[in-house]
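As a plain string of letters, each chain reads:
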Amino acid sequence: MAPEADEPQPRRLVRLVVLAAGCGAAVGVLGGAFRWLLQAADARRLSLLHWAHRWPAAGWVVPLVLAATGAGVARWIARLVPLSGGSGVQEVEERWRSDTLRQPLSLIPAKLVGGLVAIGSGLA
């Protein structure tokens, strides 16, 4: 086998660099949007909790209902897209170690919306 067969062709290398840069930019935009939405949800949740504390007799119900609703919606999303449950760290490690099947694209919005709902409602 000739040594030049092992070396990547310049066009393939340029394509790989452009693809990596595009993927990195997309991940950055999605991560930034997720962080911004989490901060907005946190601000809304805190304002709702401050409002609920004005009603000492029934104000404790608001955080309870908020967390239960968030958990229910997140669970519903996880039932619709089973791979969306959890942090995803294990899946990334598994993908790194072996050549498993690719995940469906529906996983990205399910993770984003499910995480936003769960964390935004006060869950860990």
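Counting from 1, residues in each chain are numbered in the order their sequence is written. A pLDDT threshold of at least 70 governs which residues receive local features in this predicted model, and a stricter bar of 80 or more applies before side-chain atom pairs are shown or counted, although totals over entire chains, interfaces and linings include all residues. Working from all heavy atoms in the structure, the side-chain values ignore hydrogens and water.

### Points about the pattern of salt bridges
Here comes step 1: Here, a salt bridge means any Lys or Arg side-chain nitrogen found within 4 Å of an Asp or Glu carboxyl oxygen. One pass over the full model with this rule turns up one salt bridge.
Here comes step 2: Of the charged contacts in the structure, one is a salt bridge between R45 and D42, with a shortest N-O distance of 2.4 Å. With R45 and D42 both in helix 2 (residues 10–52) and three residues apart, this pair spans about one turn of that helix.
Here comes step 3: For D42, a relative accessible area of 30% gives the class partly exposed. Strands here mean DSSP runs of E at least two residues long; helices mean DSSP runs of H or I at least four residues long; both are numbered from the N terminus. Only protein chains enter the area calculation, which uses a 1.4 Å probe; residues under 20% of their type maximum are buried, those over 50% are exposed, and those in between are partly exposed.

### Re helix 3 (residues 61–80)
For an α-helix the count is 3.6 residues per turn, leaving residues at separations of three or four pointing the same way.
Here comes step 1: An expected span of 1.5 Å times one less than the residue number is assigned to each helix. Compared with the 28 Å implied by 1.5 Å per residue over 20 residues, the 28 Å span of helix 3 between its first and last C-alpha is a close match.
Here comes step 2: Within the span of helix 3, buried status applies to V62, G70, A74, I77 and A78. In an axial view of helix 3, the angular spread of the buried residues amounts to 135°, which keeps them on one side of the axis. For helix 3, the exposed residues set more than 90 degrees away from the buried face come down to L64, A68, R75, W76, R79 and L80. Within this analysis, the arc is defined by the directions that extend from the helix axis to the C-beta atoms.

### Thoughts on the side chain of S84
Here comes step 1: Structurally, S84 can be placed in the loop between helix 3 and helix 4 (89–97).
Here comes step 2: By relative accessible area, S84 is classed as buried at 10%.
Here comes step 3: Dropping the residues within four chain positions of it, S84 is found in contact with I77, A78, L107, A110 and K111. By definition, residues are in contact when any of their heavy atoms lie within 4.5 Å.

### Here we look at the packing of helix 2 against helix 5 (residues 107–120)
Here comes step 1: A fitted line through C-alpha atoms represents every axis, and for helices the fit uses only the stretch in contact; the resulting angles, taken between N-to-C directions, go from 0 to 180 degrees. Running from N to C, helix 2 and helix 5 cross one another at 25°; their axes reach a closest spacing of 9 Å. Relative to helix 5, helix 2 is oriented roughly parallel. Relative to helix 5, the crossing made by helix 2 is right-handed. The residues of helix 5 that touch helix 2, namely those facing L30, F34, L37, L38, A41 and R45, are I108, L112, G115, L116, I119 and G120.
Here comes step 2: Residue composition of the contact of helix 2 with helix 5, grouped by class: nine nonpolar, two polar and one charged. Working definition: roughly parallel below 35 degrees, roughly antiparallel above 145 degrees, roughly perpendicular at 65 to 115 degrees, and oblique for all remaining angles. It is the rotation of the near helix from the far one that decides the hand of a crossing: anticlockwise by less than a right angle makes it left-handed, clockwise makes it right-handed. Gly counts as polar in this scheme, as do all residues outside two lists: the nonpolar Ala, Val, Leu, Ile, Met, Phe, Trp, Tyr, Cys and Pro, and the charged Asp, Glu, Lys and Arg.

### As for the confidence of the model for the chain
Here comes step 1: In predicted models, pLDDT denotes the confidence assigned by the predictor to each residue on a 0 to 100 scale. Averaged over all residues, the pLDDT of the chain is 85; the fraction at 70 or higher stands at 91%.
Here comes step 2: Summarising per-element confidence for the chain, the mean pLDDT is lowest in helix 1 (residues 3–6) (54) and highest in helix 2 (92).

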